[in-house]
Amino acid sequence: MPTTEFVIAGLETDDDLRNVMNAIQDLPCIVFSEVSLDTGAATIEHTAMLDEGDIRAAVEAAGYPVVD
């Protein structure tokens, strides 16, 4: 099962974390997701029907830039 990892900038509060998690969980084919409020590190397991670009786009549409 594919795993996507990246860092999300701009996470400062629990509300920010909740917004990002909701954006990720609203996508189809998400199996597991974890985002650290402290570091912004995100780990997302998903099926092959979803790719990293889709996940990044959802996070950025929620207002949080993805950095490498």
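Predicted model, so just to flag it, every value in this text is computed and none were measured.

About the criteria used
Residues numbered from 1 in each chain as written. Predicted model: local features only at pLDDT ≥ 70, side-chain atom pairs only at ≥ 80, totals over all residues. Heavy atoms only, no water. Helix = DSSP H or I, 4+ residues; strand = E, 2+ residues; numbered from the N terminus. Buried < 20%, exposed > 50% of the residue type's maximum accessible area, 1.4 Å probe, protein only. Polar contact = N/O pair within 3.5 Å; in protein donor to acceptor, adjacent residues only side chain to side chain. Contact = heavy atoms within 4.5 Å.

A. Quick look at the overall build of the chain. Check the secondary structure of the chain and you find two helices and four strands. From first element to last, N terminus to C terminus, the chain shows the α and β order β-α-β-β-α-β. Its C-alpha atoms give the chain principal-axis dimensions of about 30 × 20 × 15 Å. Residues classed as buried in the chain amount to 35% of the 68 residues present.

B. Just the side chain of S33, in detail. In this fold, S33 is placed in strand β2 (residues 30-35). Separated by 2.4 Å, the side chains of S33 and Q25 make a polar contact. S33 has contacts with M21, I24, Q25, T43 and I44, leaving out every residue within four places of it along the chain.

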